[in-house]
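# Residue-level structure breakdown
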Amino acid sequence: MAATTEKQRSDAILTYLRPRKKFPSVWCAGCGNGIVMSALVRAIDNLKLDKNEVIMVSGIGCTSRMPVYLDFNSLHTTHGRALAFATGAKFAQPKMKVIVVTGDGDSLAIGGNHFIHACRRNIDITCILINNHIYGMTGGQGSPTTPAGSFSTTTPFGNSEKAFDPCALAQAAGATFVARHTVHHAPQLEKIIMQAIEHRGFSLVEAISNCHTYYGRLNKSGDAVAMIKSFKERAVPVTKAKDMPAEELVGKFVVGNLYENNVKTEFCDEYQKMVDMLAARK
Amino acid sequence: MAEPKRKLMQGNIACVQGAIYAGMRFFAGYPITPSTEIAEGSARELPRIGGRFIQMEDEIASIAAVIAASVTGKKSMTATSGPGFSLMLENIGYAYITETPCVIVNVQRGGPSTGLPTKVSQSDTMQARWGTHGDYTAIAVAPSSVGDTITETIRAFNLAERFRTPVTILLDEVIGHMREMVTLPEPGQIPIFNRVKPTVPPDKFEPFAMTANLVSPMPAYGEGYRYNVTGLTHDTMGFSTNRADEIWPKLDKLKNKIEHYTDEITKLRVEMMDDAEIAYISYGTVARTSLQAASIARKAGVKVGSIQLYTIWPFPDKQLLELCARCKKVIVGELNMGQIVHEVKRVLPRDIEVHTAQRYDGEILTPLQLLKKLEEVM
Ligand SMILES: Cc1ncc(C[n+]2csc(CCOP(=O)(O)OP(=O)(O)O)c2C)c(N)n1
Ligand code: SF4
């Protein structure tokens, strides 16, 4: 059989876009969200998932618009609550693949509680957290991942707060697959998203992304291209980072597969065991 | 013949039984007095019948999980009380706009804030109608006994499925915690309504289509109809819109699909009203004592009757107007500072005097207090 050409591949990818949804998207030209969307769709295409069996859930934000453009069962919910909705969907229909797309404000500020509890349950949901270090949709306010000292419209003199490390948070809270990459590394992103979807349990993929419109402008980090290029320079593979002193990692993104645990049981499986046990007792 | 299943049962447990009878297979909740037994009962019962129970991290998450489970096709419910109901409101609005059937039980206690966790109240009556922001119409029902709680919970599920909308059950601490003898309905005894599913192929499917009765058929996720569900005001395809000619019909649909069917939704218990000159109007716990007060007063020759609202929202304007046509006075009894009384005043003509019997100290309105009020207004 002839190898798939790049043309065939991109035609296949286009079938995942909603036929009746009018493009262009709401996103600014050059926004990293598009790169993540492309990596996600490619990952799903590689895995040959049945579109009917994918539920894509999001909250509110620029990032959270993503499911609306994609031809799956899409649930665009309320700000911060994507993981709570996703938990209901997955638990009600465990055979479905549930993928959450969320922003750093959506998942870690207003949705922080749902985030840690979804991790704790180790429910089989893949959470793709697009971290652009700022609130994009509302016009550039500070978020829980805005670095200390950085500028936003609500930290006009530099951020006095400290940032969350979403990956460390997820691992500590009980997630069993944790990986990070940047929008400069689209193929790597595609690969870790594939692995995350295949993983049974709660998986987090943090995608470092650019909001050049707000973060870039307010912090003089340049346009989309300049920001994405800087991700290349600031990304340190986890294998290399292991041997580096902490101070050398300041301002860097440790990328790759950060954590995996295939021993811990998954929530829906455990509940099903109980249901089966009760049925056997009858 | 088998013995009918007579049982001594608590109101909150009757709610669980009614829900399961109606087809509830998913419950998500967070413990709060005086509703907790509904969660506990669901935790015990649901896994035995292949259903799902989950204790979420808070009430916001609970209602979120319930809505999502309903979108995947499961009949779903949550139960809470004042503080939790307040937390749920944003997502309840999401259920209204996405037209997702689900049942929310509010076992009312005194407020505001933490208020009176173990004391009865009916102070969330208006919140059940107007609680979440924006324009919509709500359905709320209020049982007044343990037996009622079974049938009203079944009715709440049927209404939710029939109208594709959240339905609130306004229980109160007294009904929730009271124990009475009840007979569980036999399978098939009470009709069960299930949401209408689309019959068109997926490529012809319009998820929020304007149908004749304004309720759009609703597939479950996973059945091949991949569609978009969003809390943004949307067109009939489920995609967000800023077009006036799409916003108007959508919001009218939310209102009219319910208000055009108020007669179908309305349920009242009308006692001794044929020749009544005075009527007690009440719901929930107060309906019990009002009926008692009316019976006692009748024996003394007073022409008084009782109208109990099982359906609180949409408010039964037409029915109340007809029933009270010959009354000179009504007494609206409520465990709050006056909520449904404003609806009664709105509906009744000015020449009918509207009096109130109110209590908001965590205690019930006794028959004696209601009789005293009657004496006062006579
Ligand atoms: C309850 C509630 N509070 C606030 C908002 C306003 N709001 C919309 S999006 C957003 C922040 C989004 O930021 P993030 O999650 O980082 O996503 P991004 O837009 O950067 O992709 C906020 C605060 C809202 N929609 N709902
Ligand atoms: S505002 Fe920022 S996050 Fe939103 S679309 Fe534009 S670049 Fe992307």
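On a predicted model such as this, the values are computed, not experimentally measured, just so you know.

For chain B, the helix and strand inventory stands at 13 helices and 16 strands. In terms of overall dimensions, chain B is globule-like: its C-alpha atoms have a radius of gyration of 21 Å, near the 21 Å expected for 378 residues. Viewed in the frame of its principal axes, chain B has a C-alpha envelope of about 70 × 50 × 50 Å. When burial is assessed residue by residue, chain B has 60% of its 378 residues classed as buried. Partitioning the contacts of chain B with sequence separation of at least 6, the portion at a separation of at least 24 is 78%. A total accessible area of about 14500 Å² is found for chain B, and carbon and sulfur atoms account for 53% of it. If you average the places of the 41 positive and of the 42 negative side-chain charges in chain B, the two averages end up 3 Å apart.

Taken together, A:Trp27, A:Cys28, A:Cys31, A:Cys62, A:Asn132, A:Gly136, A:Cys211, A:His212, A:Thr213 and A:Tyr214 make up the full set of residues near ligand 2. Considered class by class, the residues forming the shell around ligand 2 number six nonpolar, four polar and no charged.

We now examine the site of ligand 1. The local shell around ligand 1 holds 17 residues, among which A:Cys62, A:Thr63, A:Asp106, A:Gly136 and A:Met137 are the closest. Nearby residues around ligand 1 are contributed by chains A and B. Separating an oxygen atom of ligand 1 from a backbone N or O atom of A:Gly105 is a distance of 2.9 Å. A:Asn132 places a side-chain nitrogen or oxygen 3.0 Å from an oxygen atom of ligand 1.

Moving on, we get to the confidence of the model for chain B. Averaged over all residues, the pLDDT of chain B equals 97, while 99% of them reach at least 70. For this predicted complex, the interface score ipTM comes out at 0.97, while the overall pTM is 0.98.

Glancing now at the interface of chain B and chain A. Each partner contributes to the interface: chain B provides 41 residues, whereas chain A provides 39 residues. Roughly 3500 Å² of surface becomes buried between chain B and chain A when both sides are summed, with 57% attributable to carbon and sulfur atoms. Ranking the residues of chain B by area buried against chain A places B:Arg52, B:Glu57 and B:Arg226 at the top, with a combined share of 21%. Applying the counting rule to chain B against chain A returns two salt bridges.

Here the focus is the nonpolar core. Core analysis: the largest hydrophobic core is formed by 127 residues, its most contacted members being A:Phe202, B:Ile38, B:Met77 and B:Val105. If one sorts the elements of this core by residue count, helix H3 (residues 59-71) of chain B sits on top with nine residues. Built from parts of two domains, this core gets at least three residues from each of domain 1 (6-183) and domain 2 (268-377) of chain B. Ranked by size, the runner-up nonpolar core spans 39 residues in total, among them A:Leu49, A:Leu70, A:Ile228 and A:Phe253.

Let us now look at the pairing of strand E4 (residues 75-80) of chain B. All names here are of chain B. Counting buried residues in E4 gives six out of six residues, a clear majority hidden from the surface. The alternating pattern of E4 places Lys-75, Met-77 and Ala-79 and Ser-76, Thr-78 and Thr-80 on opposite faces, both of which are buried. Of the strand pairs in this sheet, strand E2 (residues 24-29) and E4 are connected by three bridges, and their pairing is parallel. What sits directly across from Phe-26, in E4, is Ser-76. Pairing between E4 and strand E5 (residues 102-110): four bridges, direction parallel. Note on E5: the bridge partner recorded for Met-77 is Val-103.

Moving on, we come to the state of the cysteines. Summed over the entire model, instances satisfying the criterion amount to zero disulfides over all chains. Here B:Cys324 stays unpaired: no disulfide links it, and the sulfur of B:Cys327, its closest cysteine neighbor, is 4.7 Å away.

With that settled, the discussion passes to the domain arrangement of chain B. Residues and elements named next belong to chain B. We note that the domain assignment places domain 1 (6-183) and domain 2 (268-377) within chain B. Taking the mean C-alpha position of each, domain 1 and domain 2 sit 26 Å from one another. Taken together, the contact between domain 1 and domain 2 spans 28 residues of the former and 24 residues of the latter. Both sides together, the interface formed by domain 1 and domain 2 hides about 2000 Å², and carbon and sulfur atoms give 52% of it. Taken as a group, Gln-122, Thr-125 and Met-126 account for 30% of the area that domain 1 buries against domain 2, more than any other trio of residues on that side. Taken together, the connections running from domain 1 to domain 2 amount to two salt bridges. Linking Arg-288 and Glu-180 is a salt bridge whose minimum nitrogen-to-oxygen distance equals 2.6 Å. Where domain 1 packs against domain 2, one counts 18 residue pairs in polar contact (both at pLDDT 80 or more). Of all the secondary structure elements, the ones that give two or more residues to the side of domain 1 that touches domain 2 are strand E6 (116-120), helix H5 (125-130), strand E7 (139-141), helix H6 (146-163), strand E8 (166-172) and helix H7 (173-177). Per element, the largest residue contribution to the side of domain 1 that touches domain 2 is four residues, and it comes from H5. Looking at the side of domain 1 that touches domain 2, its residues break down into 14 nonpolar, six polar and eight charged.

Taken together, A:Arg281, A:Lys282, B:Arg44 and B:Arg48 make up a surface patch of like positive charges. Tracing the sequence through the fold places A:Lys282 in the segment after helix H12 (267-281). You can call A:Lys282 exposed: its relative accessible area is 73%.

All names here are of chain B. Mapped onto the elements of the fold, Glu-59 is located in helix H3. Put simply, Glu-59 is tucked away with no salt bridge, and the nearest opposite charge, on Arg-109, sits 8.1 Å away. Aside from chain neighbours lying at most four places away, what touches Glu-59 is Tyr-30, Ile-32, Thr-80, Gly-84, Leu-87 and Met-88.

Another aspect to go through is the sheet that holds strand E2 (residues 73-76) of chain A. Remark on secondary structure: sheet strands pair via backbone hydrogen bonds, oriented parallel or antiparallel. An order of E7(A)-E8(A)-E5(A)-E6(A)-E4(A)-E3(A)-E1(A)-E2(A)-E10(B) is seen for the nine strands of this open sheet, with the pairing classed as mixed. Edge positions in the open sheet fall to strand E7 (235-237) of chain A together with strand E10 (228-230) of chain B, since each of these has one partner strand only. Ignoring which end each strand starts from, the neighbouring axes of this sheet average 20 degrees apart. For strand E5 (residues 177-182) of chain A and strand E6 (residues 203-208) of chain A, the ladder comprises six bridges, and the chain directions are parallel. Bridge pairing in E6(A) links A:Val178 to A:Leu204. Strands E5, E6, E7 and strand E8 (253-260) of chain A of the sheet are contacted by helix H10 (residues 224-234) of chain A, whose axis makes an angle of about 35 degrees with E7(A).

All names here are of chain B. Spatially, the five strands line up as an open sheet ordered E11-E13-E12-E15-E16, and their pairing is mixed. Of all strands in the sheet, those bounded by a partner on one side alone are strand E11 (268-271) and strand E16 (353-358). Here the strands of the sheet are splayed against their neighbours by 20 degrees on average, with no regard to which way each runs. When strand E15 (residues 329-334) meets E16, the two strands line up parallel, connected through six bridges. Paired with Val-332 across the bridge in E16 is Thr-356.

About the thresholds
In every chain, residue numbers begin from 1 and rise along the written sequence. Written order determines the labels here, with chains lettered from A and ligands numbered from 1. Given that the model is predicted, a residue must reach a pLDDT of at least 70 before its local features are reported, and side-chain atom pairs must reach 80 or more before they are shown or counted; all residues, however, enter totals for whole chains, interfaces and linings. As a convention, hydrogens and water are excluded, and side-chain values are obtained from all of the structure's heavy atoms. Under the DSSP-based scheme used, a helix requires at least four consecutive residues in state H or I and a strand at least two consecutive residues in state E, with every element numbered from the N terminus. Radius of gyration here uses only the C-alpha atoms, and the compact-globule reference equals 2.2 Å multiplied by the residue count raised to the power 0.38. With a 1.4 Å probe rolled over the protein chains alone, any residue whose accessible area is under 20% of its type maximum counts as buried; one over 50% counts as exposed, and the rest are partly exposed. The contact criterion used is simple: two residues touch if any of their non-hydrogen atoms lie within 4.5 Å. Note on areas: these come from Shrake-Rupley sampling with a 1.4 Å probe, and a residue is covered only by the protein chains present in the view. Just so you know, the count uses Lys and Arg for positive and Asp and Glu for negative, and it drops His and the chain ends. Note on charges: their place is set at NZ of Lys, CZ of Arg, CG of Asp or CD of Glu. If a single non-hydrogen atom of a residue is within 4 Å of a molecule or strand, that residue counts as near it. Note on residue classes: Ala, Val, Leu, Ile, Met, Phe, Trp, Tyr, Cys and Pro are nonpolar, Asp, Glu, Lys and Arg are charged, and everything else, Gly too, is polar. Definition of a polar contact: a pair of N or O atoms within 3.5 Å, with one able to donate and the other able to accept a hydrogen when the atoms are protein atoms, and with sequence-neighbouring residues admitted only if both atoms are side-chain atoms. Each residue carries a pLDDT score, the predictor's confidence in it, ranging from 0 to 100. Accessible area that two parts lose when put together, with a 1.4 Å probe and added across both, is what the buried area reports. Within this document, salt bridges are pairs made up of a side-chain nitrogen of Lys or Arg and a carboxyl oxygen of Asp or Glu, the two lying within 4 Å of each other. In this text, buried Ala, Val, Leu, Ile, Met, Phe, Trp, Tyr and Cys residues form a nonpolar core when linked through side-chain atoms within 4.5 Å. Where each domain starts and ends comes from a domain assignment, either automatic or drawn from a database. Two strands qualify as a pair provided DSSP detects at least 2 bridges between them. For the purposes of this analysis, a disulfide is any pair of cysteine sulfur atoms at a distance within 2.5 Å. Like charges within 9 Å and nonpolar side chains (Val, Leu, Ile, Met, Phe, Trp, Tyr) within 5 Å are joined into patches, using only residues over 30% in relative accessible area that form no salt bridge. What counts as an axis is a line fitted to C-alpha atoms, over the stretch in contact for a helix, and the angles between N-to-C directions run from 0 to 180 degrees.

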